[in-house]
Amino acid sequence: MEHRELTIKTNPDAKSRMRFSLKTMLVGAIVLTLIASNLFTSWHLFQAQQLVRVQQMEIDALRRELRSLDTSDRKNVHVIAMETNQDMVWKWRIFIPPGKKFNLKSMVGTISDRSFPEGAMVTPIEPGEGVLTCSVTRNAGGDWDQDVRYVSGAHVATSTLKVFDSSMAWYGKQGSSTTSGSITTSMGQQSFSGEHRIELLRFRRWIQDQPNVKFAPTESTDGILFWLEPVERSPFPDG
């Protein structure tokens, strides 16, 4: 009985094509995996960025609601007005950068629309963040008082000055107005270099209280003025 061997001959070109196809599939799978991984990572990064953006918006909204200061910039002076819900009471949150000092100056009496008077009441404001409250109200005895209170951590500074009735006779009669330079609750945080005066409030008697009477807007009139004035540092070291 004859035994015949069956020999299958494979085309060398077919083997080469098969190996090439396997390599191509492997490389393609790796490329697709890298693309999918990159897309997945990009999607997660996008989602994270969106989440951070939403959280930052929530933080900003909460900061505006609480009237808190963003003091990440510690080279400039930052001020934001706060609600008091009290007539003739004003409040600001203030940040004074290290190395700078200010005096709160105030005047109840005759003031102009822009300039700052001499001889005003002075309250020192030290560097750091604090809350400044200023008011011009009647006391228990019915007399007008000008009160200033500044709280910064454990530091509390207060001062009270009597105000003549004649200086407040205008209030509540013919209306009043504030200048555009005042920092009010309708504004957000304001930042300043700290090299110049910072006007907090300029509350003046409405000048045109008589019909058909001409007047100059720059005319001095009764009012209330609060501002921060930088303290010039001595060129000589202490001691």
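Nothing here was measured: the structure is a model prediction, and the numbers come from that model. Position numbers for residues start from 1 in each chain and track the written sequence from start to end. Reporting in this predicted model follows two pLDDT cut-offs: at least 70 for local features of residues, and 80 or more for side-chain atom pairs to be given and counted; totals over whole chains, interfaces and linings ignore these cut-offs and use all residues. No hydrogens and no water enter the side-chain calculation; it runs on all heavy atoms of the structure.

Enquirer: Would you take a moment to explain a nonpolar patch on the surface for this structure?
Expert: Only residues whose relative accessible area exceeds 30% and that take part in no salt bridge are eligible for patches, with like-charged residues grouped when within 9 Å of each other and nonpolar side chains (Val, Leu, Ile, Met, Phe, Trp, Tyr) grouped when within 5 Å. Here the Shrake-Rupley method, with its probe set to 1.4 Å, supplies the accessible areas, and only the displayed protein chains count as covering residues. Salt bridge criterion: a side-chain nitrogen from Lys or Arg within 4 Å of a carboxyl oxygen from Asp or Glu. A contiguous nonpolar patch, built from V27, V31, L32, I35 and L39 and spanning about 470 Å² of accessible area, is present on the exposed surface. Relative to the helices and strands, L32 is located in helix α1 (residues 12–66). By definition, any uninterrupted DSSP run of H or I lasting at least four residues is a helix, any uninterrupted run of E lasting at least two residues is a strand, and each is numbered from the N terminus.

Enquirer: What is the right way to read the pattern of salt bridges from this model?
Expert: Any two side chains of opposite charge can pair, so long as their charged atoms come close to each other. In the structure shown here, the tally under the stated rule is 6 salt bridges. Of the charged contacts in the structure, one is a salt bridge between E195 and K100, with a shortest N-O distance of 3.6 Å. Highlighted residues: E195 in the loop between β9 (190–192) and β10 (198–205) and K100 in the loop between β2 (89–96) and β3 (102–111), separated in sequence by 95 residues. Any residue under 20% of the maximum accessible area for its type is buried, any over 50% is exposed, and the rest in between are partly exposed; the area is computed with a 1.4 Å probe on protein chains only. Classification of E195 by relative accessible area gives exposed; the value is 53%. Residue K162 is joined to D145 by a salt bridge in which the shortest nitrogen-to-oxygen separation is 3.3 Å. A residue pair is termed long-range when its members are at least 10 positions apart, and K162 in strand β7 (residues 155–163) and D145 in strand β6 (residues 144–152) qualify at 17 residues. For K162, a relative accessible area of 57% gives the class exposed.

Enquirer: What is the right way to look at unusual backbone geometry in this model?
Expert: It is generally the case that most residues other than glycine have a negative phi and that most peptide bonds are trans. If you check the backbone angles, N85 has positive phi at about 55° while not being a glycine. Looking at the element boundaries, N85 is found in the loop between β1 (77–82) and β2. N85 gets classed as exposed once you look at its relative accessible area, which sits at 75%. Phi angles above zero are rare outside glycine, and M88 is one such case at about 65°. With respect to the element layout, M88 can be found in the loop between β1 and β2.

Enquirer: Teacher, can you tell me more about the nonpolar core here?
Expert: Considering soluble globular proteins, one finds that nonpolar side chains tend to be buried as a cluster. Definition of nonpolar core: a set of buried residues of the types Ala, Val, Leu, Ile, Met, Phe, Trp, Tyr and Cys, connected through side-chain atoms within 4.5 Å. W92, L200, I224 and F226 are the most contacted members of the largest nonpolar core, which has 30 residues in total. Every element with two or more residues in this core is listed here: β1, β2, β3, β4 (121–125), β5 (128–138), β6, β10 and β11 (221–230). In terms of nonpolar packing, the next biggest core, distinct from the first, is built from 5 residues, M107, I111, A120 and W227 among them.

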